[in-house]
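So the chains spell out like this:
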Amino acid sequence: MGKLLVENKTIVTPGEELAEGMDFLPAEGTFRDKDKIISSGLGLVNVNGRVIKTISVSGKYIPKTGDTIIAKVTNILMSGWILDIDSAYSAVLSVKEAKDFIRRDADLTRYYNIGDYIITDIVMVTSQRLVDASMKGPGMRKLIGGRIINVNCHKVPRIIGKKGSMVSMIKNATDCSIIVGQNGVIWINGSPENEIIVVKTIKKIEQEAHISGLTERIKTFLEKETNKKINIEKVE
Amino acid sequence: MGYTKRNDGRKFDETRPIEAKAGIIKRADGSAYFKMGKTVAYAAVYGPREIHPKFLQNPTKGKLRCYYNMMPFSSVGDRVRPGANRRAKEIAMVTEKAILPVIDLSKFPNSVIDVFIELPQTDAGTRCAGICAASIALADAGILMSDMVAAVSIGRVDDKLVVDLDYSEESYEGGTVADIPMAVISRTGEISLLQMDGNLSREDLKKAVEMAKKACSKIDKIQRDALKNKYEVKK
Amino acid sequence: MSIEQKDHILGFLEKGIRFDGRKLDEYRPITVERGFSENAEGSARVTIGDTEVLAGVKMSIMEPYSDTPDEGTMMINAELLPLSNPDFEPGPPGIQSIEIARIVDRGIRESKAIDTKKLCLKKGEKVWSITVDICPINDNGNLFDASALAVLAALKDAKFPSYDGTVIDYKKKTKESLPLKKLPISCTVIKIDNHFIVDPTNEEEKKVDSRLTVEVEEDGTLCALQKGGDKPLTAEDIDKMVGIGIEKSKELKKFL
């Protein structure tokens with residue numbers, strides 16, 4: 001016995017009543033107050049059977065174990081590097097977790113220097129939000145050249161697309177290398193004209209992420225900008 | 001003689017016209033514009049972010065810091081000298097206390113949420129406009145909040161209780177005046193800001209609180225609409 | 001910033017475009033709105049791209065300075081509000097806001113844009129004092145030019161309040177404008193490596209080698225200059241940048 005008080009997939013605001021009745025289960029972004037389920041922030045409400053959650057649409061990146069991100073080196077210590085991950089918290093990359101083996105007395109600036117951007121994984125987040133990074137995984141490296149843009153990290157899934165289909169479509173159309181960090185930091189490298197098209201496309205996805213038919217619209221947009229025909233591969 | 005008709009013709013329980021927008025300052029993590037009559041407030045939220053200096057860090061909970069400032073050209077009459085003053089500091093503090101009940105500080109330890117409130121134009125009710133703007137801006141910034149907060153000044157002008165006192169009423173000379181700014185937490189109706197300037201009977205205070213709750217529930221709808229307008233799926 | 005990132009922007013500049021697709025001498029879209037404030041004697045809101053700045057004029061009556069007994073006074077003040085940029089801190093104006101205020105002030109003062117003699121009410125006793133305050137709302141680069149434009153627009157918008165000889169009635173505005181003789185336009189040109197660009201975004205401001213703010217009167221006369229940035233300029237650089245400044249000022253003038 002329970003009643004939904006809002007329409008699924010609509011925007012809800014903090015303190016808004018989402019459902020009443022003990023049947024519903026409050027998940028991420030919601031809490032129970034007596035027999036009501038309440039939203040604990042601004043988000044898109046998502047009802048799946050009896051489980052109600054809200055998906056954040058705004059706000060800074062919150063580091064999660066397993067995320068692959070793009071970070072900027074802001075400080076170098078004896079034991080490693082301090083990274084700005086575009087979040088409330090910095091991450092630490094210890095010497096042991098760098099991509100290659102580094103001798104004890106080596107000059108760390110020769111590997112990653114202040115201002116360098118790197119692709120790295122988040123391997124641990126403590127309850128006090130101390131964040132550990134590691135570059136041991138595949139594809140981890142220092143980024144050379146290219147440019148960095150910042151997007152709303154909540155739009156990253158749409159920018160990447162199902163199994164990477166959206167970002168692949170953009171890469172193929174523009175011949176650019178594109179790396180999308182889960183923290184909303186994106187690295188782009190290609191010819192100037194094509195990079196500008198990539199940035200325009202990503203900004204368009206950011207603004208129109210919630211409107212249906214996104215993939216078709218982006219395909220049309222890219223075709224117009226690059227004067228190339230694009231084939232969208234079916235993704236299972 | 002009594003205050004029989006409001007200076008601008010409003011009903012006694014009517015707020016001035018309100019306009020609210022979310023996300024209008026691109027560099028901020030969250031922001032809002034809130035206009036109540038002639039009083040205009042901007043609020044920008046930066047955070048959660050690292051707190052400096054380091055000794056202010058608290059490993060169990062984060063910090064909420066509010067700042068309030070009137071721009072030098074914001075009032076009728078003399079220029080407002082820029083710089084922190086005691087009034088601004090006090091307003092910043094009560095603003096912080098008005099919002100704190102809906103924020104769970106334990107969710108962002110070792111960091112701070114900074115809320116900057118700036119007023120380019122003032123006509124009384126500035127701390128209330130600031131709180132209304134701040135509440136929208138915090139939600140816009142994706143901060144976890146159990147509810148939203150609205151605020152309004154109830155006044156006693158001579159023999160009448162009125163909602164949303166403007167400057168002409170605050171400085172009314174035909175009788176005594178009381179100015180009672182209040183902030184109300186939307187769902188529970190609890191009061192998180194209560195101040196009073198002037199003199200007031202106990203019965204009038206009770207009535208004023210009820211009037212504030214009613215007025216704030218209308219303001220609350222406008223605040224939520226501002227957020228939904230920014231994020232709503234446009235079909 | 002790393003060498004690799006700097007080289008990357010040079011690849012763009014060599015082709016005559018910037019990260020956002022603009023040409024090197026292209027300004028972002030500009031809007032100027034006059035009179036947004038009901039309480040100030042004059043006001044203006046300027047946007048250049050996403051950068052937004054408010055300026056407000058306040059007038060009062062004071063004793064003149066002893067060395068200029070028949071002239072009114074003018075002061076420009078800027079506060080880099082922490083509201084507008086995550087790197088701005090609350091507190092008294094830092095050197096950045098002081099620099100912006102003083103550059104804009106110099107342009108207006110040196111060009112004698114305001115006829116301060118016309119601000120005199122009674123020699124040696126009473127003169128009008130004009131203060132313009134600059135308050136950025138969003139800083140997405142080029143606060144210099146946005147602030148200068150906002151101040152000029154606000155001065156143009158300003159009207160004297162009523163004064164009966166003893167008391168100023170701020171609530172009653174007269175139809176009398178400020179005695180503005182000229183409108184000096186500010187254009188900031190920046191040098192990255194050996195390329196010159198105008199209207200930098202925040203990202204571009206971080207890569208600046210040097211900058212030159214040029215303030216120009218209608219006939220091309222320079223009325224203020226300020227060089228900033230860590231690297232020096234050659235004589236050719238300066239002439240080139242001044243030329244760009246004069247050219248661009250004609251475009252910017254149209255917004256007033």
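In this report, the structure presented in the accompanying data block is examined. Note that the coordinates shown come from a computational prediction; the quantities given were computed from them, not determined experimentally.

### Topic: the packing of helix 2 (residues 95–110) of chain C against helix 3 (residues 143–157) of chain C
Residues and elements named next belong to chain C.
Argument step 1. Put simply, helix 2 and helix 3 touch, their axes get as near as 10 Å, and they point 50° apart. Taken together, helix 2 and helix 3 sit at an angle that is classed as oblique. As helix 2 packs across helix 3, the resulting crossing turns out to be right-handed. Listed contacts from helix 3 to Ile 100, Ile 103, Val 104 and Gly 107 of helix 2 are Leu 143, Phe 144, Ser 147, Ala 148 and Val 151.
Argument step 2. In terms of residue class, the contact of helix 2 with helix 3 is built from 7 nonpolar, 2 polar and no charged.

### Side note on the interface of chain C and chain B
Argument step 1. Across the boundary between the two partners, chain C contributes 30 residues, which contact 23 residues of chain B.
Argument step 2. Here the residues of the side of chain C that touches chain B are counted per class, giving 12 nonpolar, 11 polar and 7 charged.

### Considerations on the sheet that holds strand 3 (residues 17–20) of chain A
All names here are of chain A.
Argument step 1. If you walk across this open sheet you meet the 4 strands as 1-3-6-5, and the pairing is antiparallel. Every other strand in the sheet has two partners, leaving strand 1 (3–4) and strand 5 (30–33) as the edge strands with one partner each.
Argument step 2. As paired elements, strand 5 and strand 6 (residues 36–39) share 4 bridges and run antiparallel to each other. Across the sheet, the residue bridging to Thr 30 is Ser 39, located in strand 6.

### Describing the pairing of strand 9 (residues 191–194) of chain B
Residue and element names in this part refer to chain B.
Argument step 1. The pairing of strand 8 (residues 177–185) with strand 9 spans 3 bridges and is classified as antiparallel. Along strand 9, the bridge assignment pairs Ala 183 with Leu 193.
Argument step 2. Between strand 8 and strand 9, which follow one another and run antiparallel, lie 5 residues, and Gly 189 among them has a positive phi close to 75°.

### Topic: helix 3 (residues 192–208) of chain A
Residue and element names in this part refer to chain A.
Argument step 1. In a regular helix each residue adds 1.5 Å, so 17 residues correspond to 24 Å; helix 3 covers 24 Å between its end C-alpha atoms and thus fits that length.
Argument step 2. Within helix 3 the residues assigned to the buried category are Glu 195, Ile 196, Ile 197, Val 198, Thr 201, Ile 202 and Ile 205.
Argument step 3. Packing partners of the buried residues in helix 3 comprise strand 15 (147–150), helix 1 (156–160), helix 2 (165–174), strand 16 (177–180), strand 17 (185–189) and helix 4 (214–226).

### Brief notes about helix 2 (residues 126–140) of chain B
All names here are of chain B.
Argument step 1. The end-to-end C-alpha distance of helix 2 is 21 Å, a good match for the 21 Å that 15 residues give at a rise of 1.5 Å each.
Argument step 2. Within helix 2, 15 of the 15 residues are buried, which leaves the element mostly enclosed by the surrounding structure.
Argument step 3. Positive backbone phi, at 75°, marks Gly 142, one or two positions downstream of helix 2.

### With respect to unusual backbone geometry
Argument step 1. In this structure, B:Pro48 follows B:Gly47 across a cis peptide bond, with omega equal to 0°.
Argument step 2. Along the chain, B:Pro48 falls in strand 3 (residues 39–50).
Argument step 3. At B:Asp158, a position not held by glycine, the phi torsion is positive, near 60°.
Argument step 4. Tracing the backbone through its elements, the reader meets B:Asp158 in the loop between strand 6 (149–157) and strand 7 (160–163).
Argument step 5. Under the C-beta neighbour-count criterion, B:Asp158 is labelled partly exposed, with 15 such atoms within 10 Å.
Argument step 6. Positive phi is not limited to glycine here, since C:Asp193 has a value of about 60°.

Reading the values: rules and limits
- Residues numbered from 1 in each chain as written.
- Chains lettered and ligands numbered in written order.
- Predicted model: local features only at pLDDT ≥ 70, side-chain atom pairs only at ≥ 80, totals over all residues.
- Axes fitted to C-alpha atoms, helices over the stretch in contact; angles between N-to-C directions.
- Helix = DSSP H or I, 4+ residues; strand = E, 2+ residues; numbered from the N terminus.
- Parallel < 35°, antiparallel > 145°, perpendicular 65-115°, else oblique.
- Left-handed = near helix turned anticlockwise from the far one by under 90°.
- Contact = placed C-beta atoms within 7 Å.
- Nonpolar A, V, L, I, M, F, W, Y, C, P; charged D, E, K, R; others polar.
- Pairing = 2+ DSSP bridges.
- Expected span 1.5 Å × (residues − 1).
- Buried ≥ 20, exposed ≤ 12 C-beta atoms within 10 Å, placed from the backbone.

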